[in-house]
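Listed below are the residues making up each chain.
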Amino acid sequence: EKFRKDLLDWGFKVGEADPCLYVKSSGQDQIRVLVFVDDLAIFSDNTPGGKKLKEDFKEKIKSKYEYSWRPDDHVYLGMAIKRIGNKIILSQETYIEDVMIKFGFAESGKVETPSPGGKVTKLDCPDEDPASNPRAKRYREMCGVLRWIEQCTRPDISTTLSELCKVQINPGDAHVKALHHLMRYINSTKGRCIVYGGEETRHADGKIVGYVDSDWAGDPDSQYSRGGFVFMSHQSPVSWSSFKMKAVAASSAEAEYMAMSMATREAVWFRALYSDLGYGDLSADTYGDLCDVDYRKVRLSDKVDPYEQAM
């Protein structure tokens, strides 16, 4: 709370979408500070004005707080950020290596898919008290570290991990086998990363472009559907989720609407976040193989509420 007050006194504004984001502007130059417990990530424009904002901020911190700069300052919360030319690469290879050593998968055989196939069902849970299940503690620990990896850099494991997490209270041998398969997959693909600033593809391109889909009654135990979305910024993912819905959909069309509802909530939050970062129009810049006429049809008047603008 003390540091928050100092940030406000130093001219920073709290983000509307994320209370851990603080932004300060000077003319066209901007500095952004992201706070996580006692860690700070500092981003400033690569301009003389942006560099001055950063140096001034560092001097203010020095005057009031004890602090340390990590030698690997390109790593934040286990994510390594590298810039190569105009591209920014986000990866967790070192973090994944540490996780695999901890759980004994560092020398595991290679697999090429996140899931071995088949449905994850509660019918494979053991008929015993979950509190005495000898598999449960380690199972939940692995789910926890995989969730952090999935949230940061690996949308490719979202669905498989979400399915396996639904039985983590009382996992059976079949579930453990599937989770071990996922661990081997992560170890086999630990060098995979997200690249921002790549070449344009046949897909629509812009500051934020969202996609959403669902299955219908895919869960074998509850008949609930599964939805998923991914939001891309200039061809690369910035947010994704695979989620089991909380009610039975009466049709595949209803399942699609339920998934779109979840994606729309994320879209509204993104509009607020990008507004905090200084962006206005979030409509697509190019349309790839898609028809730009369809995009123009959904663009609304400048007089409507800003949250109703198309992205």
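We now turn to the structure provided with this report. (Residues numbered from 1 in each chain as written. Predicted model: local features only at pLDDT ≥ 70, side-chain atom pairs only at ≥ 80, totals over all residues. Heavy atoms only, no water.)

### Observations concerning the overall build of the chain
Scanning the chain from N- to C-terminus turns up 8 helices and 11 strands. Dimensions of the chain, computed from the C-alpha atoms along their principal axes, are close to 65 × 55 × 40 Å. Within the chain, buried positions represent 39% of all 311 residues. Excluding contacts between residues fewer than 6 apart, the proportion of contacts in the chain whose partners are at least 24 apart in sequence is 62%. When the accessible area of the chain is evaluated, it comes to approximately 18,200 Å², of which 53% is carbon and sulfur surface. Taking the average location of the 43 positive side-chain charges in the chain and that of its 48 negative ones, the two points are 3 Å from each other. (Helix = DSSP H or I, 4+ residues; strand = E, 2+ residues; numbered from the N terminus. Buried < 20%, exposed > 50% of the residue type's maximum accessible area, 1.4 Å probe, protein only. Contact = heavy atoms within 4.5 Å. Areas by Shrake-Rupley, 256 points an atom, 1.4 Å probe, with all protein chains shown as cover. Lys, Arg positive; Asp, Glu negative; His and termini not counted. Charge placed at Lys NZ, Arg CZ, Asp CG, Glu CD.)

### Looking at a nonpolar patch on the surface
A surface patch of nonpolar side chains, about 290 Å² in accessible area, is lined by Val 212, Tyr 257 and Met 260. Counting through the fold element by element, Tyr 257 comes out in helix α7 (residues 252-276). (Patch = residues over 30% accessible without salt bridge, like charges linked within 9 Å, V, L, I, M, F, W, Y side chains within 5 Å. Salt bridge = Lys/Arg side-chain N within 4 Å of Asp/Glu carboxyl O.)

### Comments concerning a negative patch on the surface
Side chains of Glu 199, Glu 200, Asp 281 and Asp 285 sit close together on the surface and give a patch of like negative charge. With respect to the helices and strands, the residue Asp 281 is situated in the loop between α7 and α8 (292-297).

### Quick word on the packing of helix α4 (residues 136-152) against helix α6 (residues 173-188)
Packing of α4 against α6 leaves a shortest axis separation of 11 Å and a crossing angle of 35°. Both α4 and α6 take part in a crossing whose hand is left-handed. In this structure, α4 uses Arg 138, Tyr 139, Met 142, Cys 143 and Leu 146 to contact α6, whose residues at the interface are His 175, Val 176, Leu 179, His 180, Leu 182, Met 183 and Ile 186. Looking at the contact of α4 with α6 residue by residue, the class counts come to 9 nonpolar, 2 polar and 1 charged. (Axes fitted to C-alpha atoms, helices over the stretch in contact; angles between N-to-C directions. Left-handed = near helix turned anticlockwise from the far one by under 90°. Nonpolar A, V, L, I, M, F, W, Y, C, P; charged D, E, K, R; others polar.)

### What to know about the pattern of salt bridges
Going through the model one piece at a time under the given rule, you end up with 15 salt bridges. Among the ionic pairs, Glu 55 bridges to Lys 58, the shortest N-O distance being 3.7 Å. Of the two residues, Glu 55 and Lys 58 are both situated in helix α2 (residues 48-64); the distance of 3 residues between them amounts to about one turn of the helix. Between Arg 147 and Glu 150 there is a salt bridge, with the nearest N and O atoms lying 3.0 Å from each other.

### Comments concerning helix α1 (residues 2-9)
Taken together, the buried positions of α1 are Phe 3, Asp 6 and Leu 7. Buried residues of α1 fall within an arc of 100° about the axis and therefore sit on the same side. Turned more than 90 degrees from where α1 packs its buried face, Lys 2, Lys 5 and Asp 9 sit exposed. Buried residues in α1 make contact with β2 (21-26), β3 (29-36), β4 (39-44) and α2. At the exit of α1 stands Gly 11, carrying a positive phi of roughly 100°. (Arc of directions from axis to C-beta.)

### Examining the sheet that holds strand β5 (residues 75-76)
Pairing in this open sheet of 4 strands is antiparallel, and the strands run β5-β6-β7-β8 from one edge to the other. The open sheet is flanked by β5 and β8 (194-196), the only strands paired with a single partner. Taken together, the 3 bridges between strand β7 (residues 87-91) and β8 define a ladder with antiparallel strand orientation. Opposite Ile 88, over in β8, you have Tyr 196 as the bridge partner. (Pairing = 2+ DSSP bridges.)

### Quick look at unusual backbone geometry
Where the residue is not glycine, phi is negative for most of them; where a peptide bond is considered, it is trans in most cases. A positive phi is found at Val 37, a non-glycine position, where the angle reads about 55°. Along the chain, Val 37 falls in the loop between β3 and β4. According to the relative accessible area criterion, Val 37 is exposed, its value standing at 71%. Of note in the backbone geometry, His 234 takes a positive phi value of approximately 50° without being a glycine. Counting through the fold element by element, His 234 comes out in the loop between β10 (226-233) and β11 (236-244). Under the relative-accessibility criterion, His 234 is labelled partly exposed at 36%.

### A short note on the packing of aromatic side chains
Enumeration over the complete set of coordinates arrives at 10 aromatic pairs. Between Phe 229 and Phe 231 the ring centres are 5.5 Å apart and the planes differ by 65°, which places this aromatic pair in the edge-to-face class. Phe 231 matches Phe 229 in its accessibility class, with the two residues each being buried. Three or more aromatic residues joined by ring pairs form one cluster here, namely Phe 229, Phe 231, Phe 243, Trp 269, Phe 270, Tyr 274 and Tyr 279. (Phe/Tyr/Trp six-rings, centres within 6.5 Å; stacked < 30°, edge-to-face > 60°.)

### A closer look at the sheet that holds strand β9 (residues 209-214)
Spatial strand order, β9-β10-β11: 3 strands in an open sheet with antiparallel pairing. Each edge of the sheet is formed by a strand with only one pairing partner; in this case those strands are β9 and β11. Taken over all neighbouring pairs, the strand axes of this sheet differ in orientation by 10° on average, direction set aside. In the sheet, β10 pairs with β11 via 8 bridges, with the strands oriented antiparallel. Across the sheet, the residue bridging to Val 230 is Trp 240, located in β11. Contacts from helix α5 (residues 158-165) reach β10 and β11, with the element oriented near 30° to β11.

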